[in-house]
Amino acid sequence: MIPMLLYAQDEVGHVSDELIEEIARRVGVTPLQVNEVLTYYSMLHRKPLGKYHVQICTNISCLLWDADKLWEQACHKLGIGHKEATGDGQISLEEVECIGACSWAPAVQVNYDFHHFVTSEKLDQLLDGLRKKQ
Amino acid sequence: MLYNEPSPLETRVLSRRFGMPNSASIDTYLATDGYKAFLKARGMKPEEIIEEVKISNLRGRGGAGFPTGMKWSFVPRNSPKPKYIVVNADESEPGTCKDRLLMEYDPHQLIEGVLIAALSVDAHAGWIYIRGEYRYLIEIMDKALNEAYHKGWLGKNIQGTGFDFDLYTHSGAGAYECGEESALLESLEGKRGIPRIRPPFPAVVGAFQCPTILNNVETYCAVPAIIRDGGKAFADLGVPKAGGTKLTCLTGHVNKPGVYELTLGFPVMKMINEVGGGVRNGKKLKAFIPGGSSCPILTGEECQDATMDYDSMAARKSMLGSGGVVVMDEDTCMVKAALRIMRFYAHESCGWCIPCREGTTWLRKILTRFHEGQGTRSDIDLIGDLSKNMLGRTFCPLGDAAALPTISIVEKFRQEFEDHLNGRPCPFEHAGHMVTV
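All chains use their own residue numbering, which begins from 1 and follows the written sequence. As a convention, the first chain written is A and the first ligand written is 1, with the rest following in written order. Per-residue local features of the predicted model are confined to residues with pLDDT of at least 70, and side-chain atom pairs are confined, for both listing and counting, to 80 or more; whole-chain, interface and lining totals are unaffected and use all residues. Hydrogens are left out, water is left out, and the side-chain values use all remaining heavy atoms of the structure.

A. Examining helix H14 (residues 334-348) of chain B more closely. A helix here means a DSSP run of H or I that spans at least four residues, while a strand means a run of E at least two residues long, and both kinds are numbered starting from the N terminus. A helix's residues, less one, multiplied by 1.5 Å, set its expected span. The terminal C-alpha atoms of H14 of chain B, which comprises 15 residues, lie 21 Å apart, in line with the 21 Å expected from a rise of 1.5 Å per residue. A 1.4 Å probe rolled over the protein chains alone gives each residue an accessible area, and that area as a share of the maximum for its type sets the label: buried under 20%, exposed over 50%, partly exposed in between. Across the 15 residues that make up H14 of chain B, a large majority, 14, are buried.

Here you go:
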């Protein structure tokens, strides 16, 4: 059920009520059971995120390369906070736990794409690019 | 392209195909002795395979370090139930990024390791549970599985040997806890990742209530070399009670962070100074985490004669863990480090056991206020006491994983906690505000 939820979310953008109903029907459980499972997993979202979901890791290995400053920079630049999206729905932000890129820290993930050795300048360019990207 | 330059001090057994052109393709794999170990194992009795793995002194690479051959021998082969093989590719331990490379550069080595494990217990199906964030790796693994099916290395009657095996990928969806073996099995079964009480262990009652071998990616990846070159050759690479090599992820304040394959027993200071190019900016080594944030922290002095193996770390009351080395220089605020580590465990605690759920949350709150300069003297002992009260009181090791580094930081760097009380909220930086998730 977990991959089904994630792949469905990739298509719809978030786990909507309709999606829960549909998955419950296909798996043969109640919508409540689907909801019970999905609330456990941090990658599954009940609310729409931005088209580009920017996930900044601030866990220990990234923190040692000043990832907390990158996080503050991104919040400031976009005017949004943790799990919030810009008004046009283009970009959302999330401070995430270790994404498994510790030796190439600090690391940022945009949707499923990894960005390694992120500097302040690189983050600026990345966010500017995402603002314009279709 | 490799993520980092290899080091001449590496011993490349598991990573020997890293950097080869098309290293992930089955053609490259077959051209470089690939799947030969499977054919050799097919000619061996199951107990001979397990014996060879025992001789190799291979210990689980996920963090616990349990002897792999012994784990496999616990599977009741005469059970009427089907047996399963599960790969733990939920790599989430902070500081660890090695399984990623093993799957990205050499997915067939993992498949072959799984096949040999399957032969040893007569299993015919398995899953690779990959963390959801590693979507590109799921795609690489799926491609490798398709190649293997297409060329007859998976499916019915593999290479005419009469052995059948099906292997699937399964995505996680963001949960550190699902790297714990029993929580992983719950998640695989489509449930919340809540740990199971043990015994029974997965070897007897695992996936879908059936006997299951469950190991880390790196553990399976070591198996083809063990069968191909013999368990003794692998054992001889390491130290007496732990054979082979370990993919070590050098992270934090080193000049050349990266993933390096080093023999077990490799000296810590040589690793930092020669493999990792020394501490960044010529600074002094202050603290060291040997294998992921769950391990008790070592001071720079404790590292001087330490080696990267299970016994050396145990003698220093720490653990080899998952190979996620975190190096901290003299300018690191240890209160901030303790807080960041605790925030992680508070976020990832599944909430099933009260000591862990409440303990991590309260420790996060206390460390947050302490770091902001709002702490009291009694908080220092409270942090230690709360941590000690979590030890051994939870279903799974997450509670211990949160407590152990915290206890060690408070004990070894107490002075820094005192400094925070003495009008210096954070001695190493200003604006030490941290967003609390």
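B. View of the sheet that holds strand E2 (residues 125-130) of chain B. Residues and elements named next belong to chain B. If you trace the four strands from one edge of the open sheet to the other, you get E3-E2-E1-E4, paired in parallel fashion. This sheet does not close on itself; its edge strands, each paired only once, are strand E3 (166-171) and strand E4 (212-216). Each strand axis lies, on average, 20° off the axis of its neighbour in the sheet, ignoring direction. For two strands to count as paired, DSSP must find a minimum of two bridges between them. As defined by bridge partners, E2 adjoins E3 across six bridges and the pair is classed as parallel. Note that in E3 the partner of Ile128 across the bridge is Thr169. Each of strand E1 (84-89), E2, E3 and E4 touches helix H6 (residues 107-121); the most contacted strand, E1, lies at about 145° to it. For helices, the fitted line uses only the C-alpha atoms of the stretch in contact; every axis is such a line through C-alpha atoms, and the angle between N-to-C directions lies from 0 to 180 degrees. By definition in these notes, contact holds between two residues if any of their heavy atoms fall within 4.5 Å.

C. Broad picture of the domain arrangement of chain B. Residues and elements named next belong to chain B. Structurally, chain B comprises domain 1 (26-237), domain 2 (245-329) and domain 3 (334-421). Note on definitions: salt bridges are taken to be side-chain nitrogens of Lys or Arg within 4 Å of carboxyl oxygens of Asp or Glu. At the junction of domain 1 with domain 3, the criterion picks out zero salt bridges. Throughout this description, a polar contact denotes any pair of N or O atoms lying within 3.5 Å of each other; where both atoms belong to protein, one of them has to be capable of donating a hydrogen while the other can accept it, and for residues adjacent in sequence the pair is counted only when both atoms sit in side chains. If you look at where domain 1 meets domain 3, you find two residue pairs in polar contact (both at pLDDT 80 or more). All the domain ranges listed were derived from an automatic or database domain assignment.

D. Representation of the interface of chain B and chain A within the structure. Counting residues at the interface gives 60 residues for chain B and 41 residues for chain A. Note: buried area is the sum, over both parts, of the accessible area (probe 1.4 Å) each one loses when the two are combined. Counting each side, the surface lost to burial between chain B and chain A is near 4,000 Å², with a carbon and sulfur contribution of 58%. Where chain B touches chain A, the interface holds four salt bridges. A salt bridge links Glu95 of chain A to Arg343 of chain B; the nearest nitrogen and oxygen atoms lie 3.2 Å apart. The interface formed by chain B and chain A includes 24 residue pairs in polar contact (both at pLDDT 80 or more). Elements supplying a minimum of two residues to the side of chain B that touches chain A: helix H5 (99-105), helix H7 (135-150), E3, strand E5 (245-252), strand E6 (258-263), strand E11 (324-329) and H14 of chain B.

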